[in-house]
Amino acid sequence: MISITKAQLDNLVQLQKIGDKINTTIGMLDTIGTRLESLEVELALYEKKVEDEKKILQEFKRQYRSFESDLQAKQPQIIKSKEKLRSVKTNKEYNSTLKEIDKLKEQNSLLEDEMLNLLDRIDEADKAVLKSQEEYSQTKSDITTRMNAVSLEEQDGKNELTRLNKNCSALETKINKDLLIKFKLVKEKITGPSISPVINAVCQGCHLNIPPQMYIELQRIENLKFCPNCQRMIYWVEPQ
Ligand SMILES: [Zn+2]
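Here the structure is a predicted model, which is why all the values come from computation and not from measurement. (Residues numbered from 1 in each chain as written. Predicted model: local features only at pLDDT ≥ 70, side-chain atom pairs only at ≥ 80, totals over all residues. Heavy atoms only, no water.)

**Let's talk about the domain arrangement of the chain**
For clarity, the threshold we go by: Each domain span listed reflects an automatic or database assignment of domains.
By the assigned domains, the chain splits into domain 1 (27–174) and domain 2 (183–236). Taking the mean C-alpha position of each, domain 1 and domain 2 sit 66 Å from one another.

Next comes the structure, spelled out in structure tokens:
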């Protein structure tokens, strides 16, 4: 049996509170990497959108240039056919050459329509690129701000952890060595708090009743007691 005082119990309770805060802080620090990563992923999506829009624009421009060179290639053919028209001997030949010229002109007119159509699409794609670039730069500045806030949170968390660990070590020096060993043994075995209050004979660690005799002894604060159900250190708290 380990004898105990109210002050020693208070120290253990305090040690548990610091331990809880340390766990919460470590838990928060553990999320930092994922949070930064998801912000990077979010930004990359906007960056990809800009690249995709640029590709669409380039494709329209490429098509336009290709039609333009088709059109240029057809011009000499028309000139050639017109020259031919002047030297033809028969009506039949004349008509077929006229048809040839008409066909070339029609093809050119179709090409010109396509090119006009493409100019509209280039214009739209150009605007889409500008819009997505704007969205990207706005998002970038927003995400940079958020990333800085997360980094700041990380720094605060690290500072807090250092402070808590110092407090923990300082408090441990005040605690009886045997008690501290017991406390750490329970901590290793049990998930959650190592020391729990007992209110109205109910252990707050496992929410089960402790035996009536133990509850009476607990109120005297003479010896360190453990919950027979969850094995946590227990202490009495006056019911409200
Ligand atoms: Zn219990």
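**Structural notes on the coordination of the zinc ion**
As a reminder of what qualifies: Here the coordinating atoms are restricted to nitrogen, oxygen and sulfur within 2.8 Å of the metal centre, or 3.2 Å for Na, K and Ca, and because water is not among them the sites may look incomplete. Here a site with four donors is tetrahedral if all angles are between 85 and 135 degrees, and a site with four or six donors is square planar or octahedral if opposite donors are over 155 degrees apart and the other angles are between 65 and 115; anything else gets the irregular label. Think of it in three bands: with a 1.4 Å probe and only protein chains considered, a residue is buried below 20% of the maximum accessible area for its type, exposed above 50%, and partly exposed in between.
Protein-derived coordination of the zinc ion comes from Cys-203 (SG), Cys-206 (SG), Cys-227 (SG) and Cys-230 (SG), at a distance range of 2.3 to 2.4 Å. Taken together, the 4 donor atoms coordinating the zinc ion span angles of 103 to 115 degrees at the metal, a pattern that classifies the geometry as tetrahedral. Read from N- to C-terminus, the donor residues coordinating the zinc ion fall into the pattern C-x2-C-x20-C-x2-C. Since its relative accessible area comes to 0%, Cys-203 is described here as buried. With relative accessibility at 22%, the residue Cys-206 sits in the partly exposed group.

**A look at the pattern of salt bridges**
Using the following cut-off: Salt bridge criterion: a side-chain nitrogen from Lys or Arg within 4 Å of a carboxyl oxygen from Asp or Glu. Helix numbering and strand numbering both begin at the N terminus, where a helix is a DSSP run of H or I of at least 4 residues and a strand a DSSP run of E of at least 2.
Enumeration over the complete set of coordinates arrives at 14 salt bridges. For Glu-135, the salt bridge goes to Lys-131, with nearest N and O atoms at 3.8 Å. One end of the pair is Glu-135 and the other is Lys-131, both in helix 2 (residues 91–174) and 4 residues apart, which spans about a single turn. A relative accessible area of 23% means that Glu-135 is categorised as partly exposed. Between Glu-217 and Lys-225 there is a salt bridge, and its shortest N-O distance comes to 3.2 Å. Salt bridges here are not isolated pairs; linked through shared partners, they connect Glu-42, Asp-142 and Arg-146.

**A word on the sheet that holds strand 3 (residues 225–226)**
Heads up, the condition is: Strands qualify as paired when DSSP identifies two bridges or more between them. Contacts: residue pairs with any heavy atoms within 4.5 Å of one another. Only the contacting stretch of a helix is used when fitting its axis, a line to C-alpha atoms as for every element, and angles between N-to-C directions run 0 to 180 degrees.
Here 4 strands make up an open sheet; going across it, the order is 2-1-4-3 and the pairing mixed. At either margin of the open sheet sits one strand with a lone partner, and together these are strand 2 (202–203) and strand 3. For strand 3 and strand 4 (residues 233–236), the ladder comprises 2 bridges, and the chain directions are antiparallel. Residue pairing in the sheet places Lys-225 in a bridge with Ile-234 of strand 4. Of the strands in this sheet, strand 1 (195–199), strand 3 and strand 4 are in contact with helix 4 (residues 212–220), which crosses strand 4 at around 70 degrees.

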